[in-house]
Amino acid sequence: GENVEQHPSTLSVQEGDSAVIKCTYSDSASNYFPWYKQELGKRPQLIIDIRSNVGEKKDQRIAVTLNKTAKHFSLHITETQPEDSAVYFCAALWEGYSTLTFGKGTMLLVSP
Amino acid sequence: DAGVTQSPTHLIKTRGQQVTLRCSPKSGHDTVSWYQQALGQGPQFIFQYYEEEERQRGNFPDRFSGHQFPNYSSELNVNALWLGDSALYLCASSLEGHMNTEAFFGQGTRLTVV
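Small disclaimer: the values here were computed from a predicted structure and weren't measured.

Asks: Please give an account of the nonpolar core that cites residues and values.
Replies: One recurring pattern in soluble globular proteins is that nonpolar side chains are buried together. Core analysis: the biggest nonpolar cluster contains 23 residues, and Trp35(A), Phe73(A), Leu75(A) and Leu108(A) have the highest contact counts within it. Elements represented by at least two residues in this core include exactly strand 2 (10–14), strand 3 (19–25), strand 4 (32–38), strand 5 (45–51), strand 7 (62–67), strand 8 (72–77), strand 9 (86–94) and strand 11 (106–111) of chain A. Apart from the residues within four sequence positions on either side, Leu75(A) is in contact with Ala19(A), Val20(A), Ile21(A), Trp35(A), Ile47(A), Ile48(A), Ile62(A), Ala63(A) and Tyr88(A). If you look at the next biggest cluster of nonpolar residues, it comprises 20 residues, including Val19(B), Cys23(B), Val32(B) and Phe60(B).

Spelled out as structure tokens, the structure:
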């Protein structure tokens, strides 16, 4: 099955700095890669996703890049704000099962 | 338009007991997936239901079973609870035939086994 590795497990930045979270996946058949933000005690919420026919996607301060050859994808958050503090999960859709495989998460802390 | 709803929000059970968790999918969605999220971990796939049948299953024992009803709502049952079953149980709904579309999560059921 699919295996998703996520790094780092924790990330502390100053407000206004950029944050980058990286994930690798194992199944070359995966073709959909969403990122979820989970605040304490709340449900995971989709913040951005990318499909395999695209190398980069941007939505305001958030961007995701995908390298299918290397089988890795990254989340980039620019001009971080304290409200960006949360746990971020990457995921990959294993096409054979149409279910999401998640990374273990990155706790992002943005200090004012 | 209601999103994915789960009940109950919190539950405390004793080891060995059985528990049933419920999920109503987002309006228009017909596929329900269940995930277990242990503290500090990412969600782990349990199983997925479509057309009232279990279509896919993750690496979970037979103590975990489920059901989907004609209105697409779903239940997750766990028998003979272990302490290690304590976790946040998340339900996600999606639309069959649109594999590469967003999965919407419910707020989860926090299960504590004592």
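Having seen the structure, we can now continue with the description.
Asks: Help me get a handle on the side chain of Thr106(A), residues and values and all.
Replies: Residue and element names in this part refer to chain A. Looking at the secondary structure, you find Thr 106 in strand 11. There is a polar contact of 3.0 Å between the side chain of Thr 106 and the side chain of Gln 6. Excluding anything up to four places from it in sequence, Thr 106 contacts Gln 6, His 7, Pro 8, Ser 9, Thr 10, Leu 11, Ile 21, Ala 86, Val 87 and Tyr 88.

Asks: Pulling in residues and values, what's your account of the state of the cysteines?
Replies: Residue and element names in this part refer to chain B. Tallying each qualifying case throughout the model produces 2 disulfides over all chains. The side chain of Cys 23 participates in a disulfide bridge whose partner is Cys 91; the two sulfur atoms lie 1.8 Å from each other. An S-S torsion of about -55 degrees defines the bridge between Cys 23 and Cys 91 as left-handed. Here Cys 91 lies in strand 9 (residues 87–94) and Cys 23 lies in strand 3 (residues 19–24), a separation of 68 residues in the sequence. Neither residue differs from the other here; Cys 23 and Cys 91 are each classed as buried.

Cut-off values and rules
- Residues numbered from 1 in each chain as written.
- Chains lettered and ligands numbered in written order.
- Predicted model: local features only at pLDDT ≥ 70, side-chain atom pairs only at ≥ 80, totals over all residues.
- Heavy atoms only, no water.
- Core = buried A, V, L, I, M, F, W, Y, C linked by side-chain atoms within 4.5 Å.
- Buried < 20%, exposed > 50% of the residue type's maximum accessible area, 1.4 Å probe, protein only.
- Helix = DSSP H or I, 4+ residues; strand = E, 2+ residues; numbered from the N terminus.
- Contact = heavy atoms within 4.5 Å.
- Polar contact = N/O pair within 3.5 Å; in protein donor to acceptor, adjacent residues only side chain to side chain.
- Disulfide = S-S within 2.5 Å.

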